[in-house]
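Summary of the model geometry
Residues per chain are reported as follows:
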Amino acid sequence: MTSTDDARALARAVVEAAANGSEQEAAELLLDGLDGRAWLALDQAARAFDWRTGRAPVSGPVPSLGIARTGAELLTLIAASLHVDGRIRQRAVEALASVDAPLAASALTVRALDHVAQVRGPALEATFARLDLAHAEPILEILIAGRERDSARRMLASAIESLGRRYSVAEIAARLTVSPRRGVRRWAFTFVHREDGMTADDLAEAARSNGDQWVRASCAEWLSHTNPERLGALLDATSVEARLIAIARVPDALLTAAALDGLLVDRAARVREIARTRARRRGVDVASHYRRLAAGEPTPRELVACLDGLAWSGDVQDITFAVGALSHGAVQVRAAAISAVVARADSATAVQAIGPCLVDPSARISSVAARALARAGAAPEVAANAWASDLVSSRRVAWRLTRVSGGWNRVEADLRASCDRDASLAGLGRAGVRNWLETAAATTWEPLSDVQRERMAALLPLSGLDERRSALLAFHAGIARTGSTPDRHPADSSPDSLRRPRWWQRLTRR
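Focus on the packing of helix 12 (residues 200-209) against helix 13 (residues 213-226)
Look at helix 12 against helix 13: their axes get within 8 Å of each other, and the N-to-C directions meet at 145°. Here helix 12 and helix 13 pass one another in a crossing that is left-handed. Residue-level inspection shows Ala 200, Leu 203, Ala 204, Ala 206 and Ala 207 of helix 12 in contact with helix 13, the latter providing Arg 216, Cys 219, Ala 220, Trp 222, Leu 223 and Thr 226. Tallied by class, residues from the contact of helix 12 with helix 13 come to nine nonpolar, one polar and one charged.

Remarks on the environment of Val 331
Along the chain, Val 331 turns up in helix 20 (residues 331-344). Residues Val 331 and Ile 365 lie 34 residues apart in sequence; the distance between their C-alpha atoms is 7.1 Å. With residues near it in sequence (within four places) discarded, Val 331 still touches Ser 362, Arg 364 and Ile 365.

Some words on the nonpolar core
The nonpolar side chains of soluble globular proteins are, as a tendency, buried together. By size, the foremost hydrophobic cluster in this structure holds 97 residues, and its most contacted members are Leu 31, Trp 39, Leu 140, Cys 219 and Leu 234. The contacts of Leu 234, once residues within four sequence positions are left out, are Ala 204, Ala 207, Arg 208, Ala 220, Leu 223, Ala 242, Arg 243 and Ala 246. Counting 40 residues, the second largest nonpolar core, distinct from the first, contains Ala 335, Ala 337, Ile 365 and Trp 399.

Observations regarding unusual backbone geometry
Not every positive phi belongs to a glycine, and Asp 196 is a case in point at roughly 55°. With respect to the element layout, Asp 196 can be found in the loop between helix 11 (182-194) and helix 12. Residue class for Asp 196 comes out exposed when judged on its relative accessible area of 71%.

Description of the confidence of the model for the protein
Within the protein, residue pLDDT values average 87, and 91% of them lie at 70 or more. Low pLDDT, under 50, characterises residues 484-489; the stretch is placed with 10 contacts to residues that sit more than four places away or in other chains. A low-confidence stretch, residues 491-500 (pLDDT under 50), is modelled with six contacts involving residues beyond four sequence positions or located in other chains.

Remarks on the pattern of salt bridges
Scanning the model with the defined rule gives 30 salt bridges in all. Among the ionic pairs, Asp 5 bridges to Arg 8, the shortest N-O distance being 3.8 Å. Taken as a pair, Asp 5 and Arg 8 lie in helix 1 (residues 4-20) at a separation of three residues, close to a single helical turn. Look at Asp 5 and you get partly exposed, because its relative accessible area is 40%. Judged by its relative accessible area of 14%, Arg 8 falls in the buried class. Asp 114 is the partner of Arg 111 in a salt bridge, and the nearest nitrogen-oxygen pair spans 2.8 Å. Owing to a relative accessible area of 3%, Asp 114 belongs among the buried residues under this scheme. In the salt-bridge network here, residues are joined through shared partners; they are Asp 43, Arg 47, Arg 89, Arg 111 and Asp 114.

Scoring rules and cut-offs
- Residues numbered from 1 in each chain as written.
- Predicted model: local features only at pLDDT ≥ 70, side-chain atom pairs only at ≥ 80, totals over all residues.
- Heavy atoms only, no water.
- Axes fitted to C-alpha atoms, helices over the stretch in contact; angles between N-to-C directions.
- Helix = DSSP H or I, 4+ residues; strand = E, 2+ residues; numbered from the N terminus.
- Left-handed = near helix turned anticlockwise from the far one by under 90°.
- Contact = heavy atoms within 4.5 Å.
- Nonpolar A, V, L, I, M, F, W, Y, C, P; charged D, E, K, R; others polar.
- Core = buried A, V, L, I, M, F, W, Y, C linked by side-chain atoms within 4.5 Å.
- Buried < 20%, exposed > 50% of the residue type's maximum accessible area, 1.4 Å probe, protein only.
- pLDDT = per-residue confidence, 0-100.
- Salt bridge = Lys/Arg side-chain N within 4 Å of Asp/Glu carboxyl O.

Given below as structure tokens:
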């Protein structure tokens, strides 16, 4: 669930499925897919007053829930446990206490955090009665999600103490560190590490191969504090998080020249950056290293690393190399080349070299080029070829690059885009014109050249704007339209307004 509305909708769906006896399996599947945070959000939304309906999602007499009868359905009991009436929640808890199911455990845990003591007490007792490794995951997940609450924090501490008395750290680790529930899995790793239940080999293995990004980073961090000499084993790990911590904290004596050379061309930019810092500490001329590598037969990944490294450590002699890489066959190389050109060349050279990239077949490259040209202060004329391109990605970046110049260039770019054959780009253009008319038209004081006014006059009838906005734009731009008076604002239609001097005219007559 991503919002309160989603939680309210789910609460209503659960009640309807329980009351009608239909779609119960679908509703249970939805509940089964909730994590701890979503369960707490559902509980809060179920009893929160909704001004649109005039009541809470789970409220009213709901006689059809029938929780008093023997053998009530699980979904019925869960729906009742969310009710605004504490007496109904209390009866639901008493019934749920005898149900052995993960959903029942989740519903009871939520009620163990209830604000009503008569509900909270029985729910807490029923929750702890089933707190073993076979049932702990749904319980712990909700407590971990709600640990900002004092009651959840105290209950989580009691649950950990209870599990610690019954099971060894190794048993808890074996069961919970592989839990499919993310919150439980991460908590379990933290708990086991805090209890010294993980060896250096365990930490290194988890940092290298665990499927959870947080676990990989955390285990590498813990290893760096307890056994930094073992970080050398992580320098070639597939995990970026592990390599980052390893290259930053591995003792210098354990960082071989071969390993450092490999990290200087690592596929992750963050790793390469730290590797360059370590290399400089050793007195390595990083720029010369990258130039030697580029002069050979580098792979596309190595070429990207060379361009990235020279962008930060090179000088003007590397501009030719970067410009030549703009025509490389690999997209990632061309993107890195654009960054290198911007970093090493002056604005005029960068604009001249990167301009043709606006019509690159790759939308990624044309987008990167447009951002680079905008930062370099490129004139709108640079986008001329992109406007004429058959690629909508090129015309889109031409629109972005032109309108970033502001003033009348922005208006012309929006007008031109609104005439485009691509419906999405045309919609963006018309939205841009409407926004300009509402927020910036009265403050666009830049003189409009006759040439640009003629181009805008030709585009205006094709823009798809309604008559009112077309007339407003024509007024502001001084465009003469057939059958209209260009120097009169369309909103000023009364005879008095036509005879009354405008405010700027009154100022000039003083």
